[in-house]
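Coordinates in review
Chain by chain, the residues:
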Amino acid sequence: MTDRFYEDFNVGDRFVSGGMTVTEAAIIDFARQWDPQPFHIDAEFSAKWAFGGLIASGLHTMSLTLRLWLDLGVFRACCLGSPGIGEVQFPRPVRPGDTLHVVTDIVELRTSTSRPDRGIVRIRQVTVNQRGEQVMEQETAVFLKRRNAAAQA
């Protein structure tokens, strides 16, 4: 991916990540540290619970989504951080053996009125499994450097 700045993006741009397969061990390891609920860490318990098997923590799914997005390098040259994540939804659980991909769409672009060196992009990310089923959806705002600001630095 070549270095891009705010001016290089358009509403409607779409980026699709590579895949990452989620293992049972990864689900359990993440959950033991960050979300130690029995349906995330105990396969025997979770088989008898509401989901009928082990599922990944939503926080794990969010982390995988971020990793897959960052691996694309789309905002590598211009990211100035994020003021926050919008509403996040988990329509289906992530299970051991699922291979996830992230589809990211640029849904809004606007220049900052208070900081002319940057723009604000709103992205919509949908994380899908190997069957194309949505397992997570979120919108996030990100501050991006403008090209003229980068040239002056």
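Located above this text is the structure these notes cover.
To start, this report covers the structure provided alongside it. Owing to the predicted nature of the structure, the values given are computational and were not obtained by experimental measurement.

1. Things to note about the pattern of salt bridges
Considering all chains together, one arrives at 12 salt bridges under this definition. One salt bridge in this structure joins Glu 137 and Arg 124, with 3.0 Å as the shortest N-O distance. One end of the pair, Glu 137, is in strand S6 (residues 134-145); the other, Arg 124, is in strand S5 (residues 118-128), and 13 residues separate them in sequence. Through salt bridges with shared partners, one network takes in Glu 108, Arg 110, Arg 122 and Glu 139.

2. Digging into the environment of Arg 67
Mapped onto the fold, Arg 67 is located in helix H4 (residues 58-72). Here Arg 67 falls in the partly exposed class, since its relative accessible area comes to 49%. Taking the C-alpha atoms as reference points, Arg 67 and Met 20, separated by 47 residues in sequence, lie 9.6 Å from one another.

3. Let's talk about the state of the cysteines
Going through the model one piece at a time under the given rule, you end up with 0 disulfides. Not part of a disulfide, Cys 78 finds its nearest cysteine sulfur in Cys 79, a span of 6.9 Å. Under the relative-accessibility criterion, Cys 79 is labelled partly exposed at 40%.

4. With respect to the environment of Arg 95
Along the chain, the position of Arg 95 falls in the loop between strand S3 (84-89) and strand S4 (99-111). Distance from Arg 95 to Leu 54, taken between C-alpha atoms, is 6.3 Å for residues 41 residues apart in sequence. Apart from residues lying up to four places away in sequence, Arg 95 is in contact with Val 22, Ile 27, Phe 51, Gly 52, Gly 53, Leu 54 and Ile 55.

5. Side note on the side chain of His 60
Residue position: His 60 is located in helix H4. Discounting chain neighbours no more than four positions away, the residues touching His 60 are Val 22, Ala 26, Ile 27 and Phe 30.

6. Considerations on H4
With 15 residues, H4 should reach 21 Å at 1.5 Å per residue; the first-to-last C-alpha distance of 22 Å fits that figure. By the burial criterion, the buried members of H4 are His 60, Thr 61, Leu 64, Thr 65, Leu 68 and Trp 69. Looking at the buried side of H4, the elements it contacts are strand S1 (14-16), strand S2 (20-21), helix H1 (24-34), S4, S5 and S6. Positive phi appears at Gly 73, one or two residues downstream of H4, with a value of about 75°.

Conventions used here
- Residues numbered from 1 in each chain as written.
- Predicted model: local features only at pLDDT ≥ 70, side-chain atom pairs only at ≥ 80, totals over all residues.
- Heavy atoms only, no water.
- Salt bridge = Lys/Arg side-chain N within 4 Å of Asp/Glu carboxyl O.
- Helix = DSSP H or I, 4+ residues; strand = E, 2+ residues; numbered from the N terminus.
- Buried < 20%, exposed > 50% of the residue type's maximum accessible area, 1.4 Å probe, protein only.
- Disulfide = S-S within 2.5 Å.
- Contact = heavy atoms within 4.5 Å.
- Expected span 1.5 Å × (residues − 1).

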